[in-house]
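Given next are the chains, with one letter for each unit.
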Amino acid sequence: MKNYVRSCQPLGKGVCSISGDPHYNTFDNATYDFQGTCTYIAAKGCNLSGMRLTDFSVAVENEKWYALSANPKVSVTKVVVVEVYGSILILRRNEAKMVWINGVLLHLPQNLHNGAVKVYQEGANDVIVTDFGLRVTYDLVYHVTITLPGNYRGRTCGLCGNFNNNKTDEFQLPDGIISKDSRAFGAAWKVHVPGVVCDDGCSGDLCPKCDSSDKAAIEAKCAIITNPTGPFAACHDVIDPASYFRDCVYDVCLAKGDQSMLCHSIAAYMLDCQDFGAKIQDWRSPSLCPFPCSSGSHYDTCVLPCTSPCPGLAETVTCTTTCVEGCACDKGYHYNGTGCVPFDQCSCYYNGQTYRVGESIISDGCHRIHTCQSSGVVLSKNMTCDLNENCLVKNSVMGCYIQQCFLNSNGTLTPFNGEGGTITVPGAYEIIQSCKKSQTSDWFRVVVKLEMCTPGVNSIIAVYVFFNEVMVTVNNKHEVFINGMAMTQTTFSQKNVKVLVSDNTVTINSPSSLQLTFSSTNELTLSVSDNAADMVCGACGKLRPVDTTLQDLRERLLVSLHSPSTVFASLNAGQWTAPDFPQCGL
């Protein structure tokens with residue numbers, strides 16, 4: 001019974017905290033360290049069959065904290081990925097005020113599935129909340145929390161444990177076996193990301209140790225967390241500060257006393273305390289972790305997002321009554337979801353999305369375009385892509401794009417999704433081909449041979465284009481060979497394949513399948529027709545429409561989070577090397 005109405009109410013809550021190098025405090029309040037730098041399942045719904053519980057998954061990607069030094073000993077969370085209700089939401093370090101939703105980068109706040117999922121900023125943290133009680137916070141630097149209602153007890157798995165009120169069985173592997181080793185446990189929950197190189201961290205005595213000569217001075221700084229009369233005293237009976245103090249000392253020590261690490265360590269305890277309703281005193285000062293606020297705002301230990309909101313904001317965010325530290329708006333300024341602005345600079349809020357003034361966003365499979373007017377009104381219009389364009393998501397923006405793949409003369413490949421890198425290993429590569437095994441007509445294949453004719457530069461020396469009955473070879477002197485014979489004219493046409501040589505540029509066109517241009521500067525451009533778009537593969541990648549499957553979307557997003565050089569490691573290792581063009585070492 002709640003507010004005199006009989007209904008189902010959640011039984012308490014569980015909070016998992018991930019902070020620092022990374023230190024884990026599970027739903028069952030067990031603590032351990034796991035310093036892997038891969039992508040891992042932090043928490044997900046498990047054994048939900050027959051239960052009226054919503055499935056979800058929260059993954060974290062960790063990396064060495066290179067902001068601290070060129071050879072860091074500290075690793076921190078870089079990315080948080082939440083999958084729920086068929087959508088994938090990504091919060092990424094150093095991308096403040098933004099969220100990735102199904103591959104599109106959008107402004108905060110956002111409201112999905114008619115309010116079932118909301119993403120907004122709360123103080124210094126980005127927050128994802130759902131209508132069934134899942135709450136994920138990330139400060140975009142250091143600290144992640146995952147909160148679940150009590151009806152998920154015994155129904156979770158991952159690095160945050162099984163949420164069954166038993167600390168002794170936290171290291172449960174995906175097969176149900178209980179491990180005794182935190183490193184083996186963490187590695188078991190790794191998410192495979194094709195072509196990405198990472199490691200599962202250290203174990204036991206192999207982990208870095210704190211230099212005892214610095215430890216006493218660092219302990220004195222971190223003692224603000226455990227001081228019985230200090231600013232956090234009201235939280236000590238709610239959350240034991242001991243593990244936060246130990247983590248603070250360890251991380252600051254490995255960071256060579258860096259004050260930013262000290263500030264993040266203290267702030268991690270403050271956020272968790274405030275999440276449980278503890279009233280924290282102001283602990284910051286001009287000399288100790290000052291909290292920067294932009295013009296029109298000031299620091300406050302208790303900021304509420306809906307005190308002075310822009311019109312329409314309250315329908316997009318959750319107007320919480322729980323205090324969080326952050327920047328409160330000065331008089332005459334309005335909160336737009338991420339900061340304080342004059343009234344005439346308020347954003348537009350339309351169908352759960354946030355638009356900056358003057359910004360236009362394409363949606364609905366490229367059938368609608370929405371523009372935010374200075375009046376706060378969104379102007380929406382119908383639209384369609386041109387005949388030679390497809391509705392795709394490229395570089396995190398939905399739009400109408402020509403289906404093209406580029407390979408520059410130095411081996412830099414830009415695939416169909418726009419997220420490429422450089423092929424550094426010489427060899428012959430399957431750039432694109434028709435991979436539908438049942439296809440008998442309109443089959444094609446393009447192989448490019450790269451060699452280091454100039455030391456350190458991987459150059460295109462030949463392009464081989466195969467069709468059912470025609471093979472076209474173009475070398476780096478732009479000499480053309482048809483089925484092995486030199487082409488002596490400027491044009492060729494046979495079996496629906498046309499070849500044109502003009503101004504030292506070679507164009508190969510099969511209207512029903514492939515269009516290719518090899519320019520005078522040895523740059524290769526490829527595109528495919530609509531009827532071949534769903535059957536291509538190769539180094540150019542797949543043509544992924546907006547309505548791609550969730551599994552394909554998940555893989556593409558996880559790969560795209562990494563640097564191009566890392567992503568193309570699999571390509572260089574031979575994933576798309578042409579087997580009928582053998583070479584030593586490949």
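Residues numbered from 1 in each chain as written. Predicted model: local features only at pLDDT ≥ 70, side-chain atom pairs only at ≥ 80, totals over all residues. Heavy atoms only, no water.

Novice: In this structure, what is going on with the overall build of the chain? I would like to understand it.
Specialist: Of the regular secondary structure elements, the chain holds seven helices and 41 strands. Over its C-alpha trace the chain gives a radius of gyration of 28 Å, about what one expects of a compact globule, namely 25 Å for 586 residues. Each of the three principal axes of the chain carries a C-alpha extent, and together these read 90 × 60 × 55 Å. Counting across all 586 residues of the chain, residues that qualify as buried make up 51%. Carbon together with sulfur atoms contributes 52% to the accessible area of the chain, which is approximately 26,800 Å² in total. Placing the 42 positive and 53 negative side-chain charges of the chain at their respective mean positions leaves the two points 3 Å apart. (Helix = DSSP H or I, 4+ residues; strand = E, 2+ residues; numbered from the N terminus. Rg over C-alpha atoms; globule rule 2.2 N^0.38 Å. Buried < 20%, exposed > 50% of the residue type's maximum accessible area, 1.4 Å probe, protein only. Areas by Shrake-Rupley, 256 points an atom, 1.4 Å probe, with all protein chains shown as cover. Lys, Arg positive; Asp, Glu negative; His and termini not counted. Charge placed at Lys NZ, Arg CZ, Asp CG, Glu CD.)

Novice: It is not clear to me how the packing of helix H2 (residues 212-222) against helix H3 (residues 242-254) should be interpreted in this structure. Could you clarify?
Specialist: Geometry of a packed helix pair, given as the angle between the helix axes and the separation of the axes. At a minimum axis distance of 9 Å, the contact between H2 and H3 shows a crossing angle of 130 degrees. It follows from the interaxial angle that H2 and H3 lie oblique. The two elements H2 and H3 cross, and the hand of that crossing is right-handed. For the pair H2 and H3, contact is made by Lys 215, Ile 218, Glu 219 and Cys 222 and by Phe 245, Cys 248, Val 249, Val 252 and Cys 253, respectively. (Axes fitted to C-alpha atoms, helices over the stretch in contact; angles between N-to-C directions. Parallel < 35°, antiparallel > 145°, perpendicular 65-115°, else oblique. Left-handed = near helix turned anticlockwise from the far one by under 90°. Contact = heavy atoms within 4.5 Å.)

Novice: What's the story with the sheet that holds strand S24 (residues 378-382) in this structure? I'm lost.
Specialist: The strands that make up a sheet pair up through hydrogen bonds in the backbone, lying either parallel or antiparallel. Spatially, three strands are ordered S22-S23-S24 in an open sheet, and the strand pairing comes out antiparallel. Edge positions in the sheet fall to strand S22 (360-363) and S24, since each has one partner strand and no second. Between one strand and the next, the sheet's axes are offset by a mean angle of 20 degrees, whatever the strand orientation. Note: strand S23 (residues 368-372) against S24, five bridges, orientation antiparallel. Directly across from Arg 368, in S24, lies its bridge partner Asn 382. (Pairing = 2+ DSSP bridges.)

Novice: What's the story with empty space enclosed by the protein in this structure? I'm lost.
Specialist: Picture a little ball the size of a water molecule; that probe, rolled over the atoms, points out where space is still empty. Going through the model one piece at a time under the given rule, you end up with two cavities of 30 Å³ or more. If you add up the space inside the largest cavity, you get close to 60 Å³. Lining the largest cavity, in full, are Val 15, Glu 122, Arg 135, Thr 137, Thr 145, Leu 271, Asp 272, Gln 274, Asp 275, Thr 322 and Val 324. Mapped onto the lining of the largest cavity, the elements with two or more residues apiece are strand S13 (135-138) and helix H4 (259-275). Among the elements that take part in the lining of the largest cavity, H4 stands out by supplying four residues, more than any other. (1 Å grid on protein atoms, 1.4 Å probe; cavity = no way out; pocket = protein on both sides within 12 Å on 5 of 7 lines; lining within 4 Å. Points joined across faces, edges and corners; volume = space filled by probe spheres on them.)

Novice: Where do I start with the sheet that holds strand S33 (residues 471-475) in this structure?
Specialist: Across the sheet, which stays open at both edges, the seven strands sit in the order S35-S34-S33-S32-S31-S30-S41 with antiparallel pairing between neighbours. Each edge of the sheet is formed by a strand with only one pairing partner; in this case those strands are strand S35 (485-486) and strand S41 (536-537). Here nine bridges tie strand S31 (residues 444-454) to strand S32 (residues 457-467), and the two strands are oriented antiparallel to one another. Within S32, the residue paired with Val 447 across the bridge is Tyr 464.

Novice: Can you help me understand the pattern of salt bridges in this one?
Specialist: Two side chains bearing opposite charge may form a pair once their charged atoms approach each other closely. One pass over the structure, following the stated rule, counts twelve salt bridges. With a closest N to O distance of 3.7 Å, Lys 78 and Glu 61 form a salt bridge. Residue Lys 78 is located in strand S6 (residues 75-84), and its partner Glu 61 is located in strand S5 (residues 56-64); the two are separated by 17 residues in the primary sequence. Residue class for Glu 61 comes out buried when judged on its relative accessible area of 5%. In this structure, Arg 445 engages Asp 580 in a salt bridge whose closest nitrogen and oxygen atoms are separated by 2.7 Å. Placement of Arg 445 in strand S31 and of Asp 580 in the segment after helix H7 (569-575) is noted, with a sequence separation of 135 residues between them. (Salt bridge = Lys/Arg side-chain N within 4 Å of Asp/Glu carboxyl O.)

Novice: Would you mind showing me how to read the environment of Tyr 464 here?
Specialist: Following the sequence through the fold, Tyr 464 ends up in strand S32. Of the residues examined, Tyr 464 reaches a relative accessible area of 16% and is grouped as buried. Spatially, the C-alpha atoms of Tyr 464 and Val 446 are 5.7 Å apart, while their sequence positions differ by 18 residues. Each residue touching Tyr 464, except ones within four places of it in the same chain, is listed here: Arg 445, Val 446, Val 447, Lys 449, Met 471, Val 472, Thr 473 and Phe 581.

Novice: Help me understand the state of the cysteines, please; the structure alone is not making it clear to me.
Specialist: Two cysteines, two sulfur atoms, one covalent bond between them: this is a disulfide. Counting across every chain of the model gives 15 disulfides. Linked covalently through their sulfurs, Cys 348 and Cys 372 form a disulfide whose S-S length is 2.1 Å. The disulfide joining Cys 348 to Cys 372 has a torsion of about 75 degrees about its S-S bond and is therefore right-handed. Taken as a pair, Cys 348 in strand S20 (residues 348-350) and Cys 372 in strand S23 lie far apart in primary sequence, 24 residues in all. Among the residues examined, Cys 372 registers a relative accessible area of 3% and is labelled buried. (Disulfide = S-S within 2.5 Å.)

Novice: I keep staring at the packing of aromatic side chains and nothing clicks. Help me out?
Specialist: The description of two aromatic rings rests on the distance between their centres and on the angle between their planes. The tally for this structure, following the rule as stated, stands at 15 aromatic pairs. With centroids separated by 5.9 Å and ring planes inclined at 70 degrees, the aromatic side chains of Tyr 32 and Phe 185 adopt a geometry described as edge-to-face. Of this pair, Tyr 32 sits in strand S3 (residues 31-33) while Phe 185 sits in helix H1 (residues 182-188); the two residues are 153 residues apart in sequence, bridging distant segments of the chain. Comparing Tyr 32 with Phe 185, the two get one shared label, buried. When the centroid spacing of 6.1 Å and the interplanar angle of 80 degrees are considered together, the rings of Tyr 85 and Phe 132 count as edge-to-face. Placement of the pair is Tyr 85 in the loop between S6 and strand S7 (87-92) and Phe 132 in the loop between strand S12 (125-130) and S13, with a sequence separation of 47 residues. Members of the aromatic cluster, connected to one another through ring pairs, are Tyr 24, Tyr 32, Phe 171 and Phe 185. (Phe/Tyr/Trp six-rings, centres within 6.5 Å; stacked < 30°, edge-to-face > 60°.)

Novice: How should I be thinking about the pairing of S33 in this particular structure?
Specialist: Judged by how many residues are buried, S33 sits mostly within the fold: four of five residues are covered. With five bridges joining them, S32 and S33 adopt antiparallel strand pairing. Note on S33: the bridge partner recorded for Phe 466 is Met 471. Where S32 hands over to S33, the hairpin turn is made up of three residues, counted between the paired strands. Sheet topology places S33 next to strand S34 (residues 480-482); three bridges connect them, and they run antiparallel.

Novice: Got a minute to help me understand the pairing of strand S17 (residues 324-329) in this structure?
Specialist: One face of the sheet, then the other: side chains in a regular strand alternate in exactly this way. Most of S17 sits inside the fold, with five of its six residues counted as buried. Inspection of the sheet shows strand S16 (residues 297-303) paired to S17 by five bridges, in the antiparallel sense. In the sheet register, His 298 faces S17, and the bridge partner there is Ala 328.

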